[in-house]
Amino acid sequence: MRYLEDVITLEFDAAKCNGCGLCVLVCPHAVFAMAEKRAALVDRGACMECGACSKNCEPGAIQVRSGVGCAAGVLVGWLTGSEPTCDCAGNSSSCC
Amino acid sequence: MVTIRKKEPAEGCTPGVPCACNQAKVEPRTLGQISAPWSDGVLSTAVGDVPRARTELRCSDRLGTLKARSAIGRMHYSILPGLYAVGNPTAESPVVVTANYKLSFDHLRKALTGRNAWVLVLDTKGINVWCAAGKGTFGTEELVRRVQVAGLDRIVSHRKLILPQLGAPGVAAHTVRHQCGFRVVYGPVRAKDLPAFLDAGLKAEPAMRAVRFALKDRAVLIPVEVVMGAKYVLLTAAALLLFSGLNAHGYALERVRTTGIQSAALVLSAFLGGAILGPLLLPLLPGRAFSLKGAILGLLLFAVLMLSGMATTLTAHPLLHTACWALVMPTISSFTVMNFTGTSTFTSLSGVLREMRFALPLQIGAAALGLGLWVTGLFLSGGPVL
């Protein structure tokens with residue numbers, strides 16, 4: 001199963017990559033793969049923008065606008081004028 | 001030196017015999033003062049008592065799981081954050097990190113059956129690892145703090161923390177290393193693959209790193225989808241029942257029995273179709289946008305109900321009736337399935353934003369138009385309508 005692909009905000013700067021391979025390990029959709037001791041963006045369209053790769057990229061080679069792909073969260077964000085959020089906190093029962 | 005003290009059996013329980021579900025009541029507790037049904041004593045360590053968690057799940061655990069899965073008080077099933085022991089861990093035993101969400105904790109301790117390990121539970125406010133990582137509560141700061149509060153550097157001789165892979169969106173491994181000296185090792189996505197990961201020298205097969213969304217994974221999410229949306233849909237159905245009696249001459253109870261009940265039933269069908277069939281048939285429904293998948297599902301449901309005669313028997317204005325429910329049913333299913341993006345494992349924020357920008361105006365327009373037709377039907381003269 002794949003979702004809308006032409007909107008993904010993931011950007012990878014191969015020149016900054018130090019080849020640690022963490023992006024390959026943490027990605028749940030195999031967006032990255034190792035090629036010649038460096039990471040390579042092999043399936044950008046499969047990205048779900050969870051941000052695991054960029055968060056764990058020490059040299060800062062990966063940029064993505066991360067967030068939860070959650071319609072209810074987006075709606076809450078629109079209604080409250082805040083960032084899209086999955087309202088998981090407190091006593092709320094609405095959560096992923 | 002680590003010693004084990006057995007927990008005193010709770011009142012009414014026989015040692016060695018699992019307590020009945022109704023006797024197992026989880027109380028707030030502190031380290032060394034344990035009443036949780038899944039705990040079986042404490043280990044005394046250099047930095048104090050560490051509660052020990054059982055690895056077998058008992059009926060009270062399963063009852064809690066059922067409730068959590070059905071969204072019944074699911075936020076009351078959090079675990080007190082801190083360090084726990086599984087088996088008889090030593091200074092060399094692995095440290096596994098998880099969220100203080102009941103299902104995460106249960107999966108983990110079950111996976112560690114027969115193993116000796118330390119389990120560090122982060123305070124994620126009772127939210128599962130992946131969602132909490134997305135929000136940042138399963139995050140670098142909380143991890144570093146918990147490592148320090150637990151005095152982990154005095155309990156274990158190594159400097160490795162095994163994190164669930166899905167914790168990675170919240171944790172910067174390099175920052176953790178800089179701040180507390182512990183190296184983050186990302187384990188498999190699923191707790192059940194943990195034994196294989198540990199046995200392979202902390203290496204995960206690619207299959208253990210992929211998030212799946214198979215039929216079974218989707219099916220277990222259905223109860224929550226149904227319970228979450230039910231109150232809105234029941235309210236809508238009740239409102240239709242109530243207003244169906246209105247007509248140009250006043251209020252007719254007979255209309256409630258005919259138009260009202262049928263309208264309520266169609267709304268409920270559209271919702272249940274979206275909430276149950278949507279997740280089950282997700283890969284088979286055409287399109288990538290969930291709202292489109294839901295709309296198609298709603299249209300199919302409408303067509304089936306029309307063709308089977310279940311949606312037409314009371315109709316005095318067939319065209320109006322058909323147009324109304326051909327708009328309303330797909331809209332309800334579309335919105336319901338679109339909400340499933342939040343529980344799916346592959347939707348992106350950018351994608352959902354794009355999808356909602358075109359779907360939401362259409363949904364609102366179709367719902368308003370459909371409702372307008374429904375009300376028009378009520379006030380048209382004649383016998384029972386819609």
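For every chain, the first residue of its written sequence is number 1, and the numbers climb from 1 along that sequence. Both sets of labels track the order of writing: A upward for chains, 1 upward for ligands. Two thresholds apply to this predicted model, a pLDDT of at least 70 for residue-level local features and 80 or more for giving and counting side-chain atom pairs, whereas whole-chain, interface and lining totals are computed over all residues. Only hydrogens and water are set aside when side-chain values are computed; all heavy atoms of the structure are taken into account.

Asker: Help me understand the overall build of chain A in this model?
Answerer: Within chain A one finds three helices and four strands. Burial analysis of chain A (96 residues in total) assigns 44% to the buried set. If you take every contact in chain A between residues at least 6 apart in sequence, the share linking residues at least 24 apart comes to 41%. The secondary structure listing takes helices from DSSP runs of H or I that are at least 4 residues long and strands from runs of E that are at least 2 residues long, numbered from the N terminus. Summary of the burial criterion: residues with accessible area below 20% of their type's maximum are buried, those above 50% are exposed, and those between are partly exposed, where the area comes from a 1.4 Å probe applied to protein chains only. The contact rule is simple, with two residues in contact once any of their heavy atoms fall within 4.5 Å.

Asker: What am I meant to see in the overall build of chain B here?
Answerer: Within chain B, the regular secondary structure consists of 14 helices and 10 strands. Across the 386 residues in chain B, those meeting the buried criterion constitute 52%. For chain B, restricting intrachain contacts to residue pairs at least 6 apart in sequence, the fraction spanning at least 24 positions comes to 68%. Accessible surface area values rest on a Shrake-Rupley calculation with a 1.4 Å probe, where residue burial reflects the displayed protein chains alone. Total accessible area computed for chain B in this model is approximately 17200 Å², and 65% of it derives from carbon and sulfur atoms.

Asker: I keep staring at the interface of chain A and chain B and nothing clicks. Help me out?
Answerer: Interfaces are often sized by the amount of accessible area the parts lose when they come together. Listed as interface residues are 48 residues of chain A and, on the opposing side, 51 residues of chain B. Together, the buried faces of chain A and chain B total about 4300 Å²; carbon and sulfur atoms form 65% of this surface. Going through the elements one at a time, helix H1 (22-26), helix H2 (52-55) and helix H3 (71-80) of chain A are the ones with two or more residues in the side of chain A that touches chain B. Here the element with the most residues in the side of chain A that touches chain B is H3 of chain A; it accounts for five residues. Partitioning the side of chain A that touches chain B into residue classes produces 28 nonpolar, 13 polar and seven charged. A 1.4 Å probe defines the accessible area here, and the buried area is the portion of it lost by two parts on being joined, summed over both. Here the term charged refers only to Asp, Glu, Lys and Arg, the term nonpolar to Ala, Val, Leu, Ile, Met, Phe, Trp, Tyr, Cys and Pro, and the term polar to all other amino acids, Gly among them.

Asker: Help me understand a nonpolar patch on the surface, please; the structure alone is not making it clear to me.
Answerer: Residues and elements named next belong to chain B. A grouping of Leu 242, Phe 243, Leu 246, Tyr 251, Leu 253, Leu 371, Val 375 and Phe 379 is seen on the molecular surface, where their side chains present a nonpolar patch of about 770 Å² in accessible area. Secondary structure elements with two or more residues in the nonpolar patch: helix H10 (222-243) and helix H14 (349-379). The topology assignment puts Phe 243 in helix H10. Judged by its relative accessible area of 42%, Phe 243 falls in the partly exposed class. Like charges within 9 Å and nonpolar side chains (Val, Leu, Ile, Met, Phe, Trp, Tyr) within 5 Å are joined into patches, using only residues over 30% in relative accessible area that form no salt bridge. The term salt bridge refers to a pairing of a side-chain nitrogen on Lys or Arg with a carboxyl oxygen on Asp or Glu at a separation within 4 Å.

Asker: How should I be thinking about the pattern of salt bridges in this particular structure?
Answerer: A side chain of one charge can pair with a side chain of the opposite charge if their charged atoms are brought near each other. Residues and elements named next belong to chain B. Taken as a whole and assessed by the stated rule, the structure comprises 16 salt bridges over all chains. Asp 106 is paired through a salt bridge with Arg 109; the nearest N and O atoms lie 2.7 Å apart. Of the two residues, Asp 106 and Arg 109 are both situated in helix H2 (residues 102-111); the distance of three residues between them amounts to about one turn of the helix. Here Asp 106 and Arg 109 have matching classes, each one buried.

Asker: Mind showing me how you'd approach empty space enclosed by the protein here?
Answerer: Over the atoms a probe the size of a water molecule is rolled, and this reveals where empty space is left. All names here are of chain A. Buried and open spaces are told apart on a 1 Å grid over the protein atoms alone, a cavity being a set of points where a 1.4 Å probe fits but cannot get out and a pocket being an open set with protein on both sides within 12 Å along at least five of seven lines. Residues with an atom within 4 Å of a point are the lining residues. Grid points are joined across faces, edges and corners, and a volume is the space filled by probe spheres set on the points. Under the defined criterion, the tally for this structure stands at three cavities of 30 Å³ or more. A volume near 100 Å³ is recorded for the largest cavity. Lining the largest cavity are 14 residues, and of these Cys 27, Val 31, Cys 47, Cys 50 and Cys 53 sit closest to its centre. The residue makeup of the lining of the largest cavity, split by class, is 11 nonpolar, two polar and one charged.

Asker: It is not clear to me how the environment of Gly 250 of chain B should be interpreted in this structure. Could you clarify?
Answerer: Along the chain, Gly 250 of chain B turns up in strand E10 (residues 250-251). When the C-alpha atoms of Gly 250 of chain B and Arg 212 of chain B are compared, they prove to be 56 Å apart, with 38 residues separating the residues in sequence.

Asker: Would you take a moment to explain the nonpolar core for this structure?
Answerer: For soluble globular proteins, nonpolar side chains are generally found buried alongside one another. Residue and element names in this part refer to chain B. What is meant by a nonpolar core is a set of buried Ala, Val, Leu, Ile, Met, Phe, Trp, Tyr and Cys residues, joined one to another through side-chain atoms within 4.5 Å. Counting 42 residues, the largest nonpolar core has Trp 118, Leu 120, Phe 138, Leu 143, Leu 161, Leu 163 and Tyr 186 as the members making the most contacts within it. Sorting elements by how many residues they give to this core places helix H3 (residues 129-135) first, with five residues. Discounting chain neighbours no more than four positions away, the residues touching Leu 161 are Val 95, Val 97, Leu 143, Val 147, Leu 152, Val 176, Phe 182, Arg 183, Val 184 and Val 185. Residues Leu 221, Phe 290, Met 356 and Ala 359 belong to the second largest nonpolar core, which totals 22 residues.

Asker: Which parts of the structure should I look at to understand the confidence of the model for chain B?
Answerer: In low-pLDDT segments, the atomic positions of the prediction should not be examined closely. Residues and elements named next belong to chain B. Note on scores: pLDDT gives the predictor's confidence for each residue, bounded by 0 and 100. For chain B, the mean per-residue pLDDT works out to 85, and 83% of the residues sit at or above 70. When mean pLDDT is taken per element in chain B, strand E7 (residues 160-163) scores highest with 98 and strand E1 (residues 3-5) scores lowest with 50. The model gives residues 6-34 a pLDDT under 50, and that stretch makes 43 contacts with residues more than four places away or in other chains. If you check the scores for this complex, the pTM reads 0.82 and the ipTM reads 0.91.

Asker: I'm lost on the pairing of strand E8 (residues 183-186) of chain B in this one. Help?
Answerer: Here is the key point about a regular strand: its side chains alternate between the two faces of the sheet. Residue and element names in this part refer to chain B. Where E7 lies against E8, four bridges are found, and the strand directions are parallel. When the sheet's bridge partners are listed, Ile 162 is paired in E8 with Val 185. For the handedness criterion, the strands are oriented away from the viewer, and a crossover whose path from the first strand over the helix to the second runs clockwise is classed as right-handed. After leaving E7, the chain enters helix H6 (residues 173-180) and then returns to the sheet as E8, a path that is right-handed. Paired strands are those between which DSSP finds at least two bridges.

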